[in-house]
Amino acid sequence: MTGPQQLSGITVVDFTQVFMGPSCTQSLGDYGADVIKIERPGTGDMTRTSIPDPDGPDNPIFLSINRNKRSVAIDLRTPEGRAVVEDLVRDADVVVSNFRAGVMERLGLGYQEVRALNPRAIWASGTGFGPQGPYARKGGQDAIAQAYSGVMWRRPSDDVPFALYATTICDYITGQHLLQGILLALLQRERTGEGQRVDVTMYDSMLHLQMQEACQQLMRGDEINWAAMPLTGVFPTTDGAVCLVGGFTRDPLRALSHALDLDEDLSRRADLATLEQQFAAKPELQRLFAERLAKNTTAYWVDRLDEHHILCAPVHSLRQALDDEQTAVNNMIVEMDHPTVGRVRALNAPIRLSAGPATVRLAPPRLGEHGTEVLAELGYSAEDIAVLRDKGVLA
């Protein structure tokens, strides 16, 4: 590293939990911010108890998105706990939450209250649908956002049932939009000296994911479905499956005909000359591809398709992807020591910077691990901290 990280000196008071918010604040921590994670005494972040695990509250789900943070377990329902949090906010650069709309206001920590305490603070909120509108009070969750936004509706073909995307794509994308908003607000504050409000929603993020499809719908009134393209698909082989994308070459039908050793050059057929005709013939085309690919191994077909410059990939399990040489070359797995769990292995930040790269300074915290340390930095005496602990305000 050639100098201080980009966010060194930035203090974040983090009220987030589960995935959307914590993935954002972990990114802030990875690039140098001091992230102070506010947790409920006794239970903490919901991911500490979301799955049964031998390590309990320090399970892999929590560990995956909470490194480079310090945990303070404090009861916000008490006047004393509220006073401590207000002291933190007065010194903070960023205050982040991902509760339902209105929860921070009920806690007395809405944008106006935080601004009154600290006009330089950036108040950032990630919710399901936003603070206004017919769904404002509705709980936001990954699967719900997939369904409401139209993402779940689009399938490779009408005979494929509606289904959940198996990875929490909505949470992740919204968390990264929350991160972008915070970084933009920090840049603006450098120019104005003032903080501001940042709002992102899962609903908006999933709509935005469909920029191309939405513009086509708004301007032409029809659907674009990249998964339904006639020369694209996922096909079983003798030992797995291959994903191929028949596009982005000068003559994909000709290339596919040669790569798959088909009985004829499909590019010579007049009834397949246009994309519209290929859509009409999709069942026949997909059947031909499936029959050929089922006759040999995944590795054989990937080599053949690569030779003909057809975009393709084996369908890997996550275990295979983690063990892939490319994952190691890209330094996508980091390790850190945890005081109770031992060695933690998790995914690295995906953004590589030549100056001030992401670092692992702190392992994911135990619940309330840094309460004494953080309060002492605020000026609380050992006696004050002991009283808060005796009252159950600070765990």
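Shown above is the structure to which this text applies.
Residues numbered from 1 in each chain as written. Predicted model: local features only at pLDDT ≥ 70, side-chain atom pairs only at ≥ 80, totals over all residues. Heavy atoms only, no water.

Novice: Looking at this structure, how should I read the nonpolar core?
Specialist: What tends to happen in soluble globular proteins is that the nonpolar side chains get buried as a cluster. Counting residues in hydrophobic clusters, the biggest one holds 25 residues, and the most contacted among them are Phe15, Ile38, Val72, Ile74, Val95 and Leu375. If you list the elements that add at least two residues to this core, you get β2 (34–39), α3 (79–90), α5 (111–117), α16 (371–377) and α17 (382–390). Per-element accounting of this core gives the leading share, four residues, to α3. Excluding its chain neighbours within four sequence positions, the residues that come into contact with Ile38 are Val13, Asp14, Phe15, Val72, Ile74, Leu76 and Leu88. Counting residues in hydrophobic clusters, the runner-up holds 22 residues, among them Phe235, Leu244, Trp301 and Leu305. (Core = buried A, V, L, I, M, F, W, Y, C linked by side-chain atoms within 4.5 Å. Buried < 20%, exposed > 50% of the residue type's maximum accessible area, 1.4 Å probe, protein only. Helix = DSSP H or I, 4+ residues; strand = E, 2+ residues; numbered from the N terminus. Contact = heavy atoms within 4.5 Å.)

Novice: When you look at helix α12 (residues 282–293) in this model, what are you seeing that I'm missing?
Specialist: Because each turn of an α-helix spans 3.6 residues, side chains separated by three or four positions end up pointing in the same direction. Compared with an ideal rise of 1.5 Å per residue, which puts 12 residues at 16 Å, α12 spans 16 Å between its outermost C-alpha atoms and is within 8% of the ideal. Where the residues of α12 are buried, they touch β7 (232–236), β8 (241–245), α10 (252–259), α11 (275–280) and α13 (298–307). (Expected span 1.5 Å × (residues − 1).)

Novice: Looking at this structure, I do not really get the sheet that holds β7. What am I missing?
Specialist: Paired through backbone hydrogen bonds, the strands of a sheet run either parallel or antiparallel to each other. The antiparallel open sheet is built from three strands, whose spatial order is β7-β8-β9. Of all the strands in the sheet, the pair left with one neighbour each is β7 and β9 (311–314). On average, adjacent strands in this sheet sit at an angle of 15° to one another, irrespective of strand direction. When β7 meets β8, the two strands line up antiparallel, connected through five bridges. Bridge pairing links Phe235 to Val242 in β8. Along the sheet, α12 makes contact with β7 and β8, crossing β7 at roughly 35°. (Pairing = 2+ DSSP bridges. Axes fitted to C-alpha atoms, helices over the stretch in contact; angles between N-to-C directions.)

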